[in-house]
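Chain by chain, the residues run as shown.
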Amino acid sequence: MTPQFKALGVHLLTATGAVFAMLAMLAAVEQNWSLMFLWLVVAFAVDGIDGPLARRYDVDRNAPQFDGVLLDLIIDYLTYVFIPAYALFKSGLLPGWTGWIAIIVITYASALYFADTRMKTRDYSFSGFPGCWNMVVLVLFALEPNFWISLAIVVLLAAAMFLRIKFVHPVRTARWRPLTLPMAFAWTGFAGWAALVDFDPQSWAHWGLVITSIYLVAAGALQQLLHGPDG
């Protein structure tokens, strides 16, 4: 198999995220939230493996006819932002005006963030919250906190998108990667488990989501505190 064929295969793998996004959206329209999140978890898993494959097979050189970064951003906006925001609004977790604030803040701030050329730091972490609203909304579905708490989380994370706070990239941030990568895998497993049991509050998946989410949100800021902004 030639390098060009392998690189093209990576682009084709990335593009499957658009199909999973459509399947998730169809489930969301039917308010089948468990199925919606299962498709989003599948898309999340694809997004986690296509980047390393793209670097391994040097898609920029071997398959330059497709812009892998642009393709990835388009799909990420659908699966990380647009569909989760819709689900948060339609689910009733944020009723009335709070739901309107959430979808406007999430979609508007994320559109700006995804176009921000300062998104990545020198160590390949994210500068500012990276718009992973699929992860945030899934945890809110699982825990169902008071709507004021949910609204505060949304507003604070949206503001954090434009602050110079680091958030780790599970694959590319080298510091603490032996811990961060298993945490990301664990989060994905707990997310799929929670969706499969229809967010049953008795499920141990909820505790797993809480623990792994806290780590993934806080690890970058802690590294920044301990080692400086470029550490």
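Residues numbered from 1 in each chain as written. Predicted model: local features only at pLDDT ≥ 70, side-chain atom pairs only at ≥ 80, totals over all residues. Heavy atoms only, no water.

Draft legend 1. Spatial organisation of unusual backbone geometry. Backbone geometry at Asp58 places phi at a positive 50 degrees, although glycine is not the residue there. With respect to the element layout, Asp58 can be found in the loop between α2 (33–56) and α3 (59–62). Classification of Asp58 by relative accessible area gives partly exposed; the value is 29%. Not every positive phi belongs to a glycine, and Trp176 is a case in point at roughly 65 degrees. Assignment of secondary structure puts Trp176 in the loop between β2 (166–167) and α8 (177–196). (Helix = DSSP H or I, 4+ residues; strand = E, 2+ residues; numbered from the N terminus. Buried < 20%, exposed > 50% of the residue type's maximum accessible area, 1.4 Å probe, protein only.)

Draft legend 2. Fine view of the environment of Thr212. Mapped onto the elements of the fold, Thr212 is located in helix α9 (residues 205–227). Spatially, the C-alpha atom of Thr212 lies 17 Å from that of Ser125, the residues being 87 residues apart in sequence. Excluding anything up to four places from it in sequence, Thr212 contacts Met183, Ala186, Trp187 and Phe190. A distance of 2.7 Å separates the side chain of Thr212 from the backbone oxygen of Gly208, its partner in a polar contact. (Contact = heavy atoms within 4.5 Å. Polar contact = N/O pair within 3.5 Å; in protein donor to acceptor, adjacent residues only side chain to side chain.)

Draft legend 3. Seen up close, helix α4 (residues 68–91). The end-to-end C-alpha separation of α4 is 33 Å, in line with the 34 Å expected for 24 residues at 1.5 Å each. Along its length, α4 shows its largest kink, about 30 degrees, at Leu78. Of all the residues in α4, the buried ones are Gly68, Ile75, Asp76, Tyr77, Thr79, Tyr80, Val81, Ile83, Pro84, Ala85, Ala87 and Leu88. Where α4 is buried, its residues meet α1 (3–29), α2, α5 (97–114), α6 (133–143) and α7 (147–160). Capping the start of α4 is the job of one residue whose side-chain oxygen sits 3.1 Å from the backbone nitrogen of Val69: Asp67. Just downstream of α4, Gly92 is the residue with a positive phi angle, here 90 degrees. (Expected span 1.5 Å × (residues − 1). Bend = angle between axes of the 7 residues up to and from the residue.)

Draft legend 4. Structural context of the environment of Arg56. Within the fold, Arg56 resides in helix α2. Separated by 46 residues in sequence, Arg56 and Val10 have C-alpha atoms that sit 9.9 Å apart.

Draft legend 5. Focus on the side chain of Ser125. Tracing the backbone through its elements, the reader meets Ser125 in the loop between α5 and β1 (126–127). Using a relative accessible area of 0% as the deciding quantity, one classes Ser125 as buried. Side-chain polar atoms of Ser125 contact the side chain of Thr173, separated by 3.0 Å. Leave out the neighbours within four places in its chain, and Ser125 touches Met119, Lys120, Lys166, Phe167, Val168, His169 and Thr173.

Draft legend 6. The arrangement of the packing of aromatic side chains in detail. Under the definition given, this model contains 15 aromatic pairs. Ring geometry for Phe37 versus Phe141: centroids 5.0 Å apart, planes at 70 degrees, classification edge-to-face. One end of the pair, Phe37, is in helix α2; the other, Phe141, is in helix α6, with 104 residues separating them in the sequence. With centroids separated by 6.5 Å and ring planes inclined at 65 degrees, the aromatic side chains of Tyr113 and Phe114 adopt a geometry described as edge-to-face. (Phe/Tyr/Trp six-rings, centres within 6.5 Å; stacked < 30°, edge-to-face > 60°.)

Geometric descriptors of this kind do not, in isolation, establish any biological role.
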